[in-house]
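# Structure at a glance
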Amino acid sequence: MFAASGTVAKRPGQVWTSLWSLGQGELQSCDSRRVVSWVLKAKLLHGTMANNFPQCEVCISAFDSEKHRPLMLPCGHAFCHSCLDTLQDNGTDSCPSCRAVFEDDVDDLTVCYTLIPKDTSLSTNDKEDICPHHKFPFLYWCKKCKRVSCKQCALETHNGHELLLKEEAVKEEAECVEPREILISKLTTKRTLVTSLMTACDGHLEDQAEMIARIETQKDYLSKKRHQIEKDLDILERKGRRSRSTEEKNWSQLMITSRANEPPDLLDHLVVIKNIVQKKVLKMMQDIDKSGLKCLSSDLNYMKNNEEWVINNEDTAQSALLTIYMTDNKPSSALVRNAPHEAIPFLDILLHYLVQVCDRIDLQLLSSFWQTYYGQVHIDDNLLTPFLENTSRNKLRTFYGRISKEVVIRLCCRKLFCLGLRLDHASDIAAVNAVADAPCYSLHIAVSEQVCLTGLKPIASKLISKCCIFLHFVELNDGDLLWMMQIIDALLPTQAEAQETQHNSTNRIAGLYLVNCNLTTMEAVKLLTWVHDTHLTDCVWYQTSSHDDFSKKLLEERAAAVKLQLLWDAVLPRARRMSR
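Below: a short report on this structure. Numbering of residues starts from 1 in every chain and runs along the sequence as written. Note on the predicted model: pLDDT of at least 70 is required for a residue's local features to be given, and 80 or more for side-chain atom pairs to be given and counted; whole-chain, interface and lining totals, by contrast, use all residues. Think of the side-chain values as coming from all heavy atoms in the structure, minus any hydrogens and water.

### Let's talk about the pattern of salt bridges
By salt bridge we mean one thing: a side-chain nitrogen of Lys or Arg within 4 Å of a carboxyl oxygen of Asp or Glu. For the structure shown, the criterion picks out eight salt bridges. Put simply, Lys526 and Glu523 hold a salt bridge, and the shortest N to O gap is 3.5 Å. With Lys526 and Glu523 both in helix 20 (residues 521-533) and three residues apart, the pair spans about one turn of that helix. Through salt bridges that share partners, Arg402, Arg422 and Asp424 make up one connected network. By definition, any uninterrupted DSSP run of H or I lasting at least four residues is a helix, any uninterrupted run of E lasting at least two residues is a strand, and each is numbered from the N terminus.

### Thoughts on the pairing of strand 7 (residues 308-311)
Remember that side chains alternate between the two faces of the sheet whenever the strand is regular. Residues Trp309 and Ile311 line the buried face of strand 7, whereas the alternating positions Glu308 and Val310 sit on a face that is not buried. DSSP-based pairing: two strands are paired if at least 2 bridges between them are found. Sheet topology note: the strand 7/strand 8 (residues 333-337) ladder contains four bridges and is parallel. Bridge pairing links Trp309 to Ala334 in strand 8. Handedness is read with the strands pointing away from the viewer; a crossover is right-handed when the path from the first strand over the helix to the second is clockwise. Since strand 7 and strand 8 lie parallel, the crossover through helix 12 (residues 314-326) that links them has a hand, and here it is right-handed. When accessible area is computed with a 1.4 Å probe and restricted to protein chains, residues below 20% of their type maximum are described as buried, those above 50% as exposed, and intermediate ones as partly exposed.

### Considerations on the state of the cysteines
Disulfides are defined as cysteine sulfur pairs within 2.5 Å. One pass over the structure, following the stated rule, counts zero disulfides. No disulfide involves Cys131; its sulfur sits 3.8 Å from the nearest other cysteine sulfur, which is in Cys150. When its relative accessible area of 1% is taken as the criterion, Cys131 is described as buried.

### Observations concerning the sheet that holds strand 14 (residues 511-515)
Spatially, 7-8-9-10-11-12-13-14-15-16 is the arrangement adopted by the ten strands of the open sheet, whose pairing is parallel. In the strand order of this sheet, the two ends are held by strand 7 and strand 16 (565-567), each with one partner. Averaged over all neighbouring strand pairs, the angle between strand axes comes to 15°, with direction disregarded. Note that strand 14 and strand 15 (residues 539-543) share four bridges and pair parallel. For Val515, the partnering residue across the bridge sits in strand 15 and is Gln543. Throughout, a residue-residue contact means that at least one pair of heavy atoms, one from each residue, lies within 4.5 Å. Interaxial angle, 0 to 180 degrees, is taken between N-to-C directions of lines fitted to C-alpha atoms, where a helix line uses only the stretch in contact. In this fold helix 18 (residues 481-491) packs onto strand 11 (416-423), strand 12 (440-447), strand 13 (468-474) and strand 14, with an angle of close to 155° to the strand it touches most, strand 13.

### Notes on unusual backbone geometry
For residues that are not glycine, phi is negative in most cases, and the peptide bond is trans in most cases. Its identity as a non-glycine residue notwithstanding, His535 has a phi of 55°, on the positive side. Position of His535 relative to the elements: it lies in the loop between helix 20 and strand 15. Phi is positive for Lys563, close to 60°, though the residue is something other than glycine. By the secondary structure assignment, Lys563 is in the loop between helix 21 (549-561) and strand 16. With a relative accessible area of 72%, Lys563 lands in the exposed category.

Listed below in structure tokens is the structure:
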């Protein structure tokens, strides 16, 4: 090694100088590649000096002047004494970074003092004289607490206590220092406590390793599942090149259909629950680091027993799942609202467990019920699977979403207070009319902007006579009003026809919902006038952000003039019959 030639000094402050001179050609007899490596490493070490906590790349421990003192290898890399000593004991004499072999004993390697932080290179007495919290020297002795104090501690922890200057306390040592036996007893107790805490830390490290292994197992399981799904998609998209017989193709289609209709298994559920618990525990530990144990009182609050649970975002969904898993608390009723801006990522698993503990559930899947034409199509058939079982026959009280005609027919066998269906095409009116024989009190129909008049049939008169009908239109602009009026006239009978089918009603429907619409004030006034003149309804829910307070006041005055009830928030009815 170069240290053997006497060129590189081991005294503090001379490692950089020697390495730099090495690069300037003072050791012409040395291997040029080794010189360049040393010079580059010296520059790197010089840049590392700006960092307050240089670390060993093997054990990730901060360099110090004792066990983890940095040692320079001939290749230019530096590692702590502990790691290099362990490597050499195991018969490894190569650099952990570049695998260059070194022949010197670890104790003969050069100590790189520039990598040792200043606070760790102080002498033992210097370190003992500095407050570890405020980095000020100890100046006082507190007679009450029997502890040394810096100037900041004197103002905070020892404020109002009797303090002695350092010089005075030294002179009164007999009075200040406790008997030797008492000190030994206290230190022995502290040592036992610290040892037990270290053992607990070792246990936590083992738990973390087990958790990492568990997460990797979960990821492998999900990766295999995703691979199978992608393989099925490739077959359906005709990307498979292998020629097969008709029987093989048919069997492959049956297998794909089976896998597509397979509900989430128990392992899927456990993956979600474990991820929630892990995120919750990590957040609790971060909160404890910031604000102490007082944060636990809020983080450990489960949902209350025998009260309604409102689940409308990911946080409340996690709380509900943890409450079901960890406690015996059950809701008296539950409202699950999946809105576009606050989607619940594991809704199918949540509903699977919620059905088991709750007998009255309101399910509002607004992300699909009020979905615009521009969004990705959401079909909610799989989410209703728990409610279609015989054991959960009447647990669903209200439902708003987008489902197929087959599921609508199955759902009609249940007793529902409110049912909300999506009308995307003219042919979907058949699914709506299938509700005519169902025990349903209120029917909400969300009309998509892609519905056209061609082939659009009216709502069955039997359905209009027995149910309260509500129509929903989403994100209307001024140019859409004529289309909306034509759609309503095509779906509903005229006022005269409505009075013939139901004598106790003067309106054609129970209510009109205008969700996230961007109408000008003038067009909104025209709409309210048309609603009144055609006897469409007495109640309009108008949710918009395009009107200021002045415009809203004008619309309210116009609605009052024609005896319309104008509401500014599109609140969906739940489990009660709306009178027309």
